[in-house]
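The lines below spell out each chain.
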Amino acid sequence: MLLKEKLSALIPQEREALKEIKALADKKVDEVKCGQVIGGMRGCKVLVCDTSYLDPYEGIRFRGYTIPEVQKLLPKPGENDEPYPLGLWWLLLTGEIPTKEEVLSLEEEFKKYAYLPQYVIDVLRAMPADSHPMAMFSTAIVAMERESQFRKRYDEGMTKAEMWEPMLEDSIRLLARLPLIAAYIYRRKYKEDVHIPADPNEDWGGNFAHMMGVENPEYKNLMRLYLILHSDHESGNVSAHTGHLVASALSDVYYAISAAMDGLAGPLHGLANQECLKWILNLMDHFGGRTPTKEEIEKYAWDTLNSGRVIPGYGHAVLRKTDPRYTAQREFALKYLPDDPIFKTVSNIYEVVPEVLKQHGKAKNPWPNVDAHSGVLQYYYGVREFDFYTVLFGVSRALGITAQIIWDRALGYPIERPKSVTRQMFKELAENAE
Ligand code: CMX
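Under an unreviewed UniProt entry, the name given to the protein chain is citrate synthase (unknown stereospecificity), and the source organism is Thermotomaculum hydrothermale. The UniProt entry for the protein chain carries this comment under Pathway (unreviewed entry): "Carbohydrate metabolism; tricarboxylic acid cycle; isocitrate from oxaloacetate: step 1/2." Here is the UniProt Sequence similarities (unreviewed entry) comment for the protein chain, exactly as written: "Belongs to the citrate synthase family."

Chemist: Would you explain the site of the ligand in this entry?
Modeler: If you check the shell around the ligand, you find 20 residues, and the closest are His 269, Tyr 314, Lys 362, Lys 364 and Asp 371. At 2.8 Å from a nitrogen atom of the ligand is found a main-chain nitrogen or oxygen belonging to Ile 311. Separating a nitrogen atom of the ligand from a backbone N or O atom of Tyr 314 is a distance of 2.7 Å. Here the ligand loses 76% of its free accessible area of 890 Å² to cover by the protein chains. Its residues assigned to classes, the shell around the ligand comprises 11 nonpolar, 5 polar and 4 charged.

Chemist: Could you clarify how one ought to interpret the layout of surface pockets in this entry?
Modeler: The gaps left among the atoms become clear once a water-sized probe is rolled over them. Taken as a whole, the second largest pocket spans an internal volume of roughly 290 Å³. Together, Glu 31, Val 32, Lys 33, Cys 34, Val 37, Phe 426, Leu 429, Ala 430, Ala 433 and Glu 434 line the second largest pocket. Residue assignment for the lining of the second largest pocket shows that the elements contributing at least two residues are α2 (34-38) and α20 (423-432). With 3 residues, the single largest contributor to the lining of the second largest pocket is α20. When its residues are assigned to classes, the lining of the second largest pocket shows 7 nonpolar, no polar and 3 charged.

Chemist: Just checking my understanding: could you explain the pairing of strand β1 (residues 52-55) for this structure?
Modeler: For a regular strand, side-chain orientation follows a simple rule: the groups alternate between the two sheet faces. Alternating positions in β1 separate cleanly, Ser 52 and Leu 54 being buried on one face and Tyr 53 and Asp 55 remaining unburied on the opposite face. Sheet topology note: the β1/strand β2 (residues 59-62) ladder contains 4 bridges and is antiparallel. Considered in β2, the bridge of Asp 55 is made with Gly 59. Here β1 folds back onto β2 in antiparallel fashion, the turn holding 3 residues.

Chemist: How should I be thinking about the side chain of Gln 274 in this particular structure?
Modeler: If you trace the backbone, Gln 274 turns up in helix α14 (residues 272-286). Residue class for Gln 274 comes out buried when judged on its relative accessible area of 7%. Here the side chain of Gln 274 touches His 132 through a polar contact of 3.2 Å, side chain to side chain. If we skip the residues at most four places from it in the chain, Gln 274 touches His 132, Phe 386, Asp 387, Tyr 389 and Thr 390.

Chemist: Got a minute to help me understand the packing of aromatic side chains in this structure?
Modeler: What the rule picks out here adds up to 10 aromatic pairs. Each ring, one from Tyr 186 and one from Phe 388, has its centre 4.9 Å from the other, and the planes form 50 degrees; the classification is tilted. Pair noted here: Tyr 186 is in helix α9 (residues 164-190) and Phe 388 is in the loop between α18 (371-380) and α19 (389-410), with a separation of 202 residues, a long-range link. Phe 388 matches Tyr 186 in its accessibility class, with the two residues each being buried. A centroid spacing of 4.5 Å and a plane angle of 45 degrees characterise the contact between Phe 332 and Tyr 336, whose relative ring orientation is tilted. Of this pair, Phe 332 and Tyr 336 are both found in helix α16 (residues 324-336), 4 residues apart, which corresponds to roughly one turn of the helix. For Phe 332, a relative accessible area of 4% translates into the label buried. Over the ring of Tyr 115 we find Arg 177; its NZ or CZ atom is 4.8 Å from the centre of that ring.

Chemist: Could you clarify how one ought to interpret the nonpolar core in this entry?
Modeler: Across soluble globular proteins, nonpolar side chains have a tendency to be buried as a group. Within the largest apolar cluster, 123 residues are counted, with the highest numbers of intra-cluster contacts made by Trp 89 and Phe 137. The element best represented in this core is α9, accounting for 15 residues. Non-local contacts of Phe 137, meaning those with residues more than four positions away in its chain, are made with Leu 178, Ile 181, Ala 182, Ile 185, Met 261, Val 391, Gly 394 and Val 395.

Chemist: Could you clarify how one ought to interpret the pattern of salt bridges in this entry?
Modeler: Oppositely charged side chains are able to pair whenever their charged atoms sit close together. On inspection of all chains with the given rule, the structure shows 26 salt bridges. For Lys 220, the salt bridge goes to Glu 202, with nearest N and O atoms at 2.8 Å. Linking Lys 220 in helix α11 (residues 217-229) with Glu 202 in the loop between α9 and α10 (204-212), this pair joins segments that are 18 residues apart in sequence. In this structure, Lys 220 and Glu 202 share a single accessibility class: buried. Overlapping salt bridges bring together Glu 202, Asp 203, Glu 215, Lys 220 and Arg 224 as one network.

Definitions and limits used
Residues numbered from 1 in each chain as written. Predicted model: local features only at pLDDT ≥ 70, side-chain atom pairs only at ≥ 80, totals over all residues. Heavy atoms only, no water. UniProt positions renumbered as here; feature names shortened; annotations may be inferred. Near = heavy atom within 4 Å. Polar contact = N/O pair within 3.5 Å; in protein donor to acceptor, adjacent residues only side chain to side chain. Areas by Shrake-Rupley, 256 points an atom, 1.4 Å probe, with all protein chains shown as cover. Nonpolar A, V, L, I, M, F, W, Y, C, P; charged D, E, K, R; others polar. 1 Å grid on protein atoms, 1.4 Å probe; cavity = no way out; pocket = protein on both sides within 12 Å on 5 of 7 lines; lining within 4 Å. Points joined across faces, edges and corners; volume = space filled by probe spheres on them. Helix = DSSP H or I, 4+ residues; strand = E, 2+ residues; numbered from the N terminus. Buried < 20%, exposed > 50% of the residue type's maximum accessible area, 1.4 Å probe, protein only. Pairing = 2+ DSSP bridges. Contact = heavy atoms within 4.5 Å. Phe/Tyr/Trp six-rings, centres within 6.5 Å; stacked < 30°, edge-to-face > 60°. Lys NZ or Arg CZ within 6 Å of the ring centre and 35° of its normal. Core = buried A, V, L, I, M, F, W, Y, C linked by side-chain atoms within 4.5 Å. Salt bridge = Lys/Arg side-chain N within 4 Å of Asp/Glu carboxyl O.

Right under this line is the structure:
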């Protein structure tokens, strides 16, 4: 496999590079304030992640490349298409923009495992029909743990240096199936349990759109873009950090990604995309289904805040500017659905809500994040079941987390185990500090 060859060549040199950092073990690299610990470790530099970096003012860079650069440089199925999401996975893993041949080799490798075993279908069907799609998604993933090559090799006594190899194999097998699992959940829950087989001629991203049942080339492109945009956001966000933490105990990819999905399912994280479209449609409903005026949006936003709720899709723990993932989706909308009334509402919200949040004075970042825009695009192409939206996010996020934890094993990072103290001890520490 071309990707494995590439990684085999890269890993020894990256292990050497890590030794230089290990030699600096006693150097102080950060100062942690009491408020940071009590405030959810915000801003503490305690993780190392090479796949992407999130600048508060510029937004995400995948291995140094901005979103527009990735859109331009990664190979595409057709001239006017969005890039292959698996090209992004290659980039996250290797740091290099792949050739089209390299991406197609990965597509072929994925196709070997792109089938849904009957036992996974049975597990999904055994769950009550009102189970949340994210609970179903996470369950299906952990159910496949029995197939883990990592666990098998661990039981056979593999060395630490070998661990990245089965991690890579498990990741390919899992990622290959995620769109099938997601589409199965979607069609079982919302499309009368009628399923659409994979199309062997489609790429991983296009196939997902096909199996969802939206046969529109624009939607296939949207899906590719979506899968790229949501993939990786450093390693401190809840889903990526969970994946890293679980994998640090040498739990395999199935456990790590299932757990990561459980974190993604929270309304302050990935579930915000479902909450956001709900908020927008409720807003429009409130005004008789029409596009509300900016004054009306302002009042509605204040009502939300005054009732003690957050405005979903706005704010971020790290970002301090409009999320470039929002901008990329806005550009897609301007190209394909400029006159859509919900998109117009989304645009008007963008003009109003940041000012409202600034006046409200609480949110450190009044600007929109990725979730403020994703729902309207899905809705436009007919995927209108909001509680499914986080599953779409999950399929994409698994690209980033698997890339991160393959490298965790390649570099032999240890089990994560920070220290906790009692609240009383912590108070005394803070009182006695400078
Ligand atoms: N609406 C109302 N209040 C908000 C807000 C928003 N959109 N964003 C932040 N605040 C509030 C916080 O709730 C917090 O209030 P308290 O002091 O009463 O606890 C205060 O402003 C300070 O928060 P912060 O430091 O600016 O933000 P955090 O780093 O704590 O939290 C986030 C970040 C994203 C959870 C928060 O902005 C939020 O809840 N946003 C809405 C939900 C959302 O869009 N989440 C998706 C994020 C992207 C993703 O992970 O998918």
